[in-house]
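Structure at a glance
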Amino acid sequence: MLSTIDGFFLPFKGLRLILRPGLRRFVIVPFFANLLIFAGLAYLSAHYFGAYMDQWLPDGGWLEFLRPVLWLLFAVAYALALFFGFTLIANLIAAPFNGMLAAKVEEMLSGQAPSDADESLLKAIGPAISGEIGKIVYFITRALPILILMVIPGINVLASLAWLLFGFWFLTIEYTDYPMGNHALKPKQQRATLRGKRLKSLAFGAGVTTLMLIPLVQFAAMPAAVAAATKFWVDDLQQSAG
């Protein structure tokens, strides 16, 4: 239980980490990428959220008595769908910087830089973009079945819960990839390592999601999540991977 709670609060510890001297220059691009994410998120939410809710929770429907609970559930699921879409794009842009940030945080925490990390931005671009494309494929192939179930009345309630859990899991995969990738762990190895700490990994993703929902703080969510994922690796995951 304590490990799960610690996993949830790791992203908030990441906020403190990125404020340390020597890290701020690696935070600038992820910060502005995140700023664009939430500007786009606010725009789409304002234009489409009301219509989405009216479609799936119409007044007088057979789930009317559960409307307040379902409204909250669907609202979170809708927000996460937008988060993931924009996060994938922003991380594609910021991936080389995120990898370098993870390497610097690890060096700061452990006293030793990862041997497989690219210190040159130009060298880091190719592998970083390739890794992000792989994560996009992973996300789409797993998300589509859940999204299809979300349009089926009755089943969409359970599908929304599944979507939330998958969202937490994917955010953990997204950000722990940077420190684990710096140690040349392949995606399957990374996911196997995270499955060994499943509850803490899900709690970490829930913490990142919460961070994204806090006004103003949300703009630093991406670099904070990278720093927190690196701390997760150094303190916990590295032993499991070894």
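As a reminder, the structure under discussion sits directly above these lines.
A brief report on the enclosed structure follows. (Residues numbered from 1 in each chain as written. Predicted model: local features only at pLDDT ≥ 70, side-chain atom pairs only at ≥ 80, totals over all residues. Heavy atoms only, no water.)

So, the overall build of the protein chain
Threshold: Helix and strand assignments come from DSSP, with helices taken as H or I runs of at least 4 residues and strands as E runs of at least 2, each series counted from the N terminus. Summary of the burial criterion: residues with accessible area below 20% of their type's maximum are buried, those above 50% are exposed, and those between are partly exposed, where the area comes from a 1.4 Å probe applied to protein chains only. For the accessible areas, the method is Shrake-Rupley and the probe is 1.4 Å, while residue cover comes only from the protein chains on display.
Within the protein chain, the secondary structure is distributed over eight helices and zero strands. Sequence-ordered secondary structure for the protein chain, helices as α and strands as β, is α-α-α-α-α-α-α-α. Within the protein chain, the proportion of its 242 residues that are buried is 46%. Surface summary for the protein chain: the accessible area is close to 11,900 Å², and the carbon and sulfur share equals 69%.

Points about helix H7 (residues 198-212)
Here is the rule: A helix is expected to span 1.5 Å for every residue after the first.
The terminal C-alpha atoms of H7, which comprises 15 residues, lie 21 Å apart, in line with the 21 Å expected from a rise of 1.5 Å per residue. Among the 15 residues that make up H7, 11 are buried, leaving the element largely enclosed by the rest of the structure. Turning to H7, its buried residues number three or more, namely Lys200, Ser201, Ala203, Phe204, Gly205, Ala206, Gly207, Val208, Thr209, Leu211 and Met212.

Remarks on the packing of aromatic side chains
Which entries qualify depends on this criterion: Between rings of Phe, Tyr and Trp, where Trp is taken as its six-membered ring, a pair exists when centres lie within 6.5 Å; planes separated by under 30 degrees are stacked, by over 60 edge-to-face, and by other angles tilted. Charge-over-ring placement is defined geometrically: NZ (Lys) or CZ (Arg) within 6 Å of the ring centre, and within 35 degrees of the ring normal.
With the rule as written, the count across this model stands at nine aromatic pairs. Centre to centre, the rings of Phe9 and Phe12 are 6.0 Å apart; their planes meet at 50°, and the pair counts as tilted. Separated by three residues within a single helix, Phe9 and Phe12 lie in helix H1 (residues 2-17), roughly one turn from each other. By relative accessible area, Phe9 is classed as partly exposed at 43%. Pairwise contacts between aromatic rings join Phe139, Trp163, Phe166 and Phe170 into one cluster. The lysine or arginine in question, Lys135, covers the ring of Tyr178, its NZ or CZ lying 4.4 Å from the ring centre.

Focus on the packing of helix H5 (residues 155-181) against H7
For clarity, the cut-off: Axis definition: a line fit to C-alpha positions, over the contact stretch in the case of helices; interaxial angles, taken between N-to-C directions, run 0 to 180 degrees. Roughly parallel covers angles under 35 degrees, roughly antiparallel covers those over 145, roughly perpendicular covers 65 to 115, and oblique covers all other angles. Any two residues whose heavy atoms approach within 4.5 Å at even a single point are treated as in contact. Each residue gets one label: Ala, Val, Leu, Ile, Met, Phe, Trp, Tyr, Cys and Pro are nonpolar, Asp, Glu, Lys and Arg are charged, and the others, such as Gly, are polar.
Contact pair H5 / H7: the axes reach a minimum separation of 7 Å and the direction vectors enclose 90°. Classed by the angle they form, the pair H5 and H7 counts as roughly perpendicular. Across the interface between the two elements, Leu165, Phe168, Trp169, Leu171, Thr172 and Tyr175 from H5 touch Ser201, Leu202, Phe204, Gly205, Ala206, Val208, Thr209 and Met212 from H7. Of the residues belonging to the contact of H5 with H7, the class tally is 10 nonpolar, four polar and no charged.

Quick word on the nonpolar core
Going by this rule: We define a nonpolar core as any set of buried Ala, Val, Leu, Ile, Met, Phe, Trp, Tyr and Cys residues linked to one another through side-chain atoms lying within 4.5 Å.
Counting residues in each nonpolar core, the largest one holds 51 residues, and the members touching the most others are Phe166, Tyr175 and Phe204. For this core, the element with the highest residue contribution is helix H8 (residues 221-241), accounting for 12 residues. In this structure, Phe166 is in contact with Tyr138, Phe139, Arg142, Ala143 and Ile146, ignoring residues within four places of it in sequence.

Notes on the side chain of Lys135
Here Lys135 is to be found in helix H4 (residues 121-149). On the accessibility criterion, Lys135 (6% relative accessible area) is buried. In this structure, Lys135 is in contact with Phe170, Ile173, Glu174, Asp177 and Tyr178, ignoring residues within four places of it in sequence.

A closer look at H5
With 27 residues, H5 should cover 39 Å at 1.5 Å per step; its first-to-last C-alpha distance of 37 Å lies within 8% of that length. The element H5 is largely enclosed, with a buried count of 20 among its 27 residues.

Observations regarding the pattern of salt bridges
Two side chains that carry opposite charge are able to pair once their charged atoms sit near each other. Here is the rule: A pair is scored as a salt bridge if a Lys or Arg side-chain nitrogen falls within 4 Å of a carboxyl oxygen belonging to Asp or Glu.
Per the stated rule, a full pass over the model turns up seven salt bridges. One salt bridge connects Lys135 with Asp177, and the closest N-O pair in it is separated by 3.1 Å. Here Lys135 is found in helix H4, whereas its partner Asp177 is found in helix H5, with 42 residues between them in sequence. Grouping residues by exposure puts Lys135 and Asp177 together as buried. When the shortest N-O distance is used, the salt bridge between Lys231 and Asp235 registers 2.9 Å. Taken together, the residues span about one helical turn, with Lys231 and Asp235 both in helix H8 at a distance of four residues.

Considering the environment of Ala102
By the element assignment, Ala102 lies in helix H3 (residues 67-110). According to the relative accessible area criterion, Ala102 is buried, its value standing at 0%. Separated by 76 residues in the primary sequence, Ala102 and Phe26 place their C-alpha atoms 9.3 Å from one another. What Ala102 contacts, discounting residues up to four positions off in sequence, is Tyr178, Pro179, Asn182, Val226 and Thr230.

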